Amino acid sequence: MERADPTLTAAPIAPVAPSERGEAVDEVDLIPVRTYWQLVRQRFAQHRLAVMALIVLAVLVVLALAVPTLTGNTYKLTRLDRVDAMATVEAPLGYNEIGQNIAVRLAKATQTSLLIGLAAVLIIVGIGILVGSIAGYMGGWTDNLLMRFVDIVLSLPGLFIILMIVSLFGVGDVRVVIIAIGITGWTLAARLIRAEFLALRNADYVQAARALGAGHRRIIVRHMLPAAMAPLVVAAALGVADSVVTEAALSFLGFGISPPEASLGNMLTNAQSYFFSAPERALYPGVVLVLLVLCASFLGDGLRDALDPRQRIEA
Amino acid sequence: MLSYVLRRLIQAIPILVGISLIVFLIVYLSPGDPVDRFRNPRVTPEQLQRLRVLYGLDKPLIEQYLRWFTGFLQIWRPEAWGYSFLDGQPVIHKIAERVPATMQLMGVSLMVTIIFAIPIGVLAAVRQYSFADKLITTLATVGYAVPSFLLGVYVLYIGGVVLRGPDGRGLFPTFGQTSFGKDNDLLDLAWHLVLPVTSLAIQQIAGWARYMRSSMLEVLHQDYVRTARAKGLPQSRVLGKHALRNALIPIITLLGLTIPSLLAGAVITEFIFSWPGLGQLTIAAIGNRDYPVVLATSMLGGVLVIVGNLLADVLYGVVDPRIKY
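Residues numbered from 1 in each chain as written. Chains lettered and ligands numbered in written order. Predicted model: local features only at pLDDT ≥ 70, side-chain atom pairs only at ≥ 80, totals over all residues.

Draft legend 1. Expanded view of the overall build of chain A. What chain A contains, in helices and strands, is 12 helices and 0 strands. Reading the helices (α) and strands (β) of chain A from amino to carboxyl end gives α-α-α-α-α-α-α-α-α-α-α-α. For chain A, the residues scored as buried account for 43% of the 315 residues in total. Pairs at least 24 apart in sequence give 70% of the contacts found in chain A among residues at least 6 apart. (Helix = DSSP H or I, 4+ residues; strand = E, 2+ residues; numbered from the N terminus. Buried ≥ 20, exposed ≤ 12 C-beta atoms within 10 Å, placed from the backbone. Contact = placed C-beta atoms within 7 Å.)

Shown next, in the form of structure tokens:
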């Protein structure tokens, strides 16, 4: 049996509890009232994959932040006495062909990937909110014009354009990589937010806010954006995954981050040369990359369900 | 039908113009002077200025754009897309000789994707929640998360290093389109295609199979499928004739979405396996700062995306009788 969430029931609220009027107790009234964030937490906890993803991601983030901070410049340090050396306590994954500590490099590369992914997603979400909310809120010809623009950006051959931007504005420049990924990747965010805004623009509570004299900006920022959180989070999670993959691909091709700086992509390029002697070196950056992508998408799924106020809780 | 195709073609024009504007603006806004290439101590500033006039760089932005865009459309002229900075060849020739290889790679990958993904997705849907379904769903989720360049490296390792042929060398060739001296040998070509197609197709198969599964599940719950079952049709007929045909309709739209990702994947796969296609040309051109080639391939990529979407829309209309024009 499905229980309606008490905070959401649209039915007129009875001033007196039914039991006091001597009627049968409605099951709904027995559920304790919970705040929105309590509900979010409960709904998220039910999503087992998302919880697992959160844990794995937390471990990766802690390692990616702590290891490079504690070891400083070790990831660049080449030790000729340790060329291709076996694993030790301070280098659990061994040393590479120029005597660098692979584990430390991997942590640094993960940090770089996450930072680029987060920075690019800020651009993606920023442009997405701007375009999507204006298009959805205004409707009419503004919407039409903005959506045609979205169509054009969507038709851009993404990788070609990113490669072109990187080659023209500076190969190997992290800022260029971030901007190139950001300005080509915001279409999904914009479309999701627009769809949500189109559905909400005439909702009763938005009309109420309008009737109370709230300005456009206040309505968009304070009333409608919070309701569009769920699709926004999905777009952001997918955006992080996409950006991390794109950066790794760029670095793999030699147009992103190049040695001595560490990146998942350039570690993979490097490992290719040692397929016969040390094939496991190609596995490390790959595993981290796949884990990041999987975790981001599971986390996105879980957060979407958790943040959506229309989702019910299974008892 | 014809009028619909025409209408869609006309709708595609502003998108093409938009893409060309964006591509043009990216190049226009990039730092540096286009005549920097000619700068050296013996070239006077007056000569540089004459070069700018010669190339029309002194004209206003709009005029430069129009000249470039109208030039780009005149594909029957060999000089339409300019000349490569690297070897002075007309860009249009350099690209034309690379297109077939990329088409081969993308076409075969798409075929392999369809051949594998549809039965896999149907199987998962028909046996929903079975072990096979769970395995397929899990593998598809993980497979979709493995980017094609990563897969390319691993496929290359397994097919070219781990697996050994009878001669003790890698079982599959890891680079190029054909072996030396076997230019027209189809079998040799197919052998060379195995690894790049595998690395390109796996991610697509994962995505398509998931989509096919959910599409099939939706159809299986429809009334007409229940009716078909109720009137005593054998399972094969219910699935093949009633369910599958309808479940395939939404799959058609995937075609339009697949072309761009296939193209992006092909760029990297070509790089990994030294496949002599557009992607390899583009990456080499970017490395050499050969901008006329980069510009042209970007535009061509945009055209391909538009054509892919157009194709998907038209096909959708062909297969779905409910769609009227």
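Draft legend 2. Region of interest: the overall build of chain B. Helix and strand content of chain B: 12 helices and 0 strands. The principal-axis extent of the C-alpha atoms belonging to chain B is close to 90 × 60 × 35 Å. Within chain B, counting contacts between residues at least 6 apart in sequence, those at least 24 apart form 67% of the total.

Draft legend 3. The environment of Leu-60 of chain A, seen in detail. Residues and elements named next belong to chain A. Secondary-structure assignment places Leu-60 in helix H2 (residues 48-71). Taking the C-alpha atoms as reference points, Leu-60 and Ala-45, 15 residues apart in sequence, are found 20 Å from one another. In this view, Leu-60 contacts Thr-110, Leu-291 and Leu-292; residues no more than four positions away in its chain are not counted.

Draft legend 4. Structural context of the interface of chain B and chain A. Facing the 37 residues of chain B at the interface are 33 residues of chain A. Only helix H1 (2-29), helix H6 (131-145), helix H7 (148-162), helix H10 (235-272), helix H11 (278-287) and helix H12 (291-319) of chain B provide two or more residues apiece to the side of chain B that touches chain A. When residues in the side of chain B that touches chain A are grouped by element, the largest group, 8 residues, is from H12 of chain B. In terms of residue class, the side of chain B that touches chain A is built from 29 nonpolar, 7 polar and 1 charged. (Nonpolar A, V, L, I, M, F, W, Y, C, P; charged D, E, K, R; others polar.)

Draft legend 5. View of the nonpolar core. Counting 161 residues, the largest nonpolar core has Ile-162, Val-166, Ala-189, Ala-237 and Val-293 of chain A together with Ala-209 of chain B as its most contacted members. With 17 residues, helix H10 (residues 229-253) of chain A is the largest single contributor of residues to this core. Look past the residues within four positions of Ala-209 of chain B in its chain and what remains in contact with it is Ala-117, Ile-120, Gly-121, Ala-124, Ile-136 and Ala-140 of chain B. (Core = buried A, V, L, I, M, F, W, Y, C linked by C-beta atoms within 7 Å.)

Draft legend 6. Quick look at the confidence of the model for chain B. With 96% of its residues at a pLDDT of at least 70, chain B reaches an overall mean of 83. ipTM for the predicted complex: 0.82, alongside a pTM of 0.82. (pLDDT = per-residue confidence, 0-100.)

Draft legend 7. Structural context of the packing of helix H5 (residues 99-126) of chain B against H10 of chain B. Residue and element names in this part refer to chain B. Two elements in contact, H5 and H10, have axes whose closest approach is 9 Å; the angle formed by their N-to-C orientations is 140°. Of the possible angle classes, the one that applies to H5 and H10 is oblique. For the crossing formed where H5 meets H10, the hand is right-handed. Residue-level contacts link Thr-102, Leu-105, Met-106, Ser-109, Leu-110, Val-122 and Val-126 of H5 to Leu-239, Leu-244, Thr-258, Leu-262, Leu-263, Ala-266, Thr-269 and Glu-270 of H10. Grouping the constituent residues of the contact of H5 with H10 by class yields 10 nonpolar, 4 polar and 1 charged. (Axes fitted to C-alpha atoms, helices over the stretch in contact; angles between N-to-C directions. Parallel < 35°, antiparallel > 145°, perpendicular 65-115°, else oblique. Left-handed = near helix turned anticlockwise from the far one by under 90°.)

Draft legend 8. Local environment of helix H12 (residues 283-307) of chain A. Taking 1.5 Å as the rise per residue, H12 of chain A with 25 residues should run 36 Å; its terminal C-alpha atoms sit 35 Å apart, in good agreement. Burial of H12 of chain A is extensive: 19 of the 25 residues sit out of reach of the surface. (Expected span 1.5 Å × (residues − 1).)

Draft legend 9. Structural context of helix H7 (residues 187-200) of chain A. Residue and element names in this part refer to chain A. With 14 residues, H7 should cover 20 Å at 1.5 Å per step; its first-to-last C-alpha distance of 20 Å lies within 8% of that length. Along H7, the residues classified as buried are Thr-187, Ala-189, Ala-190, Arg-191, Leu-192, Ile-193, Arg-194, Glu-196 and Phe-197. The inward-facing, buried residues of H7 contact helix H3 (102-138), helix H4 (140-155), helix H9 (216-224) and H10.

Draft legend 10. Structural view of the confidence of the model for chain A. Confidence in the prediction for chain A averages 81 pLDDT; 87% of positions are at 70 or higher. Across residues 8-14 of chain A, where pLDDT falls below 50, the model places 3 contacts with residues more than four positions away in sequence or in other chains.

Draft legend 11. Quick look at the environment of Val-319 of chain B. All names here are of chain B. In this fold, Val-319 is placed in helix H12. When the 13 C-beta atoms within 10 Å are taken as the criterion, Val-319 is described as partly exposed. Once residues lying within four places of it in the same chain are set aside, the contact partners of Val-319 are Ile-249 and Ile-252.

Draft legend 12. Representation of the environment of Ala-91 of chain A within the structure. Residue and element names in this part refer to chain A. For Ala-91, the location among the structural elements is in the loop between H2 and H3. Judged by the 21 C-beta atoms lying within 10 Å of it, Ala-91 is buried. Each C-alpha atom, one on Ala-91 and one on Leu-163, is 35 Å from the other, the two residues being 72 residues apart in sequence. Once you skip the residues sitting within four places of it in the chain, Ala-91 turns out to touch Asn-101, Ile-102 and Ala-103.

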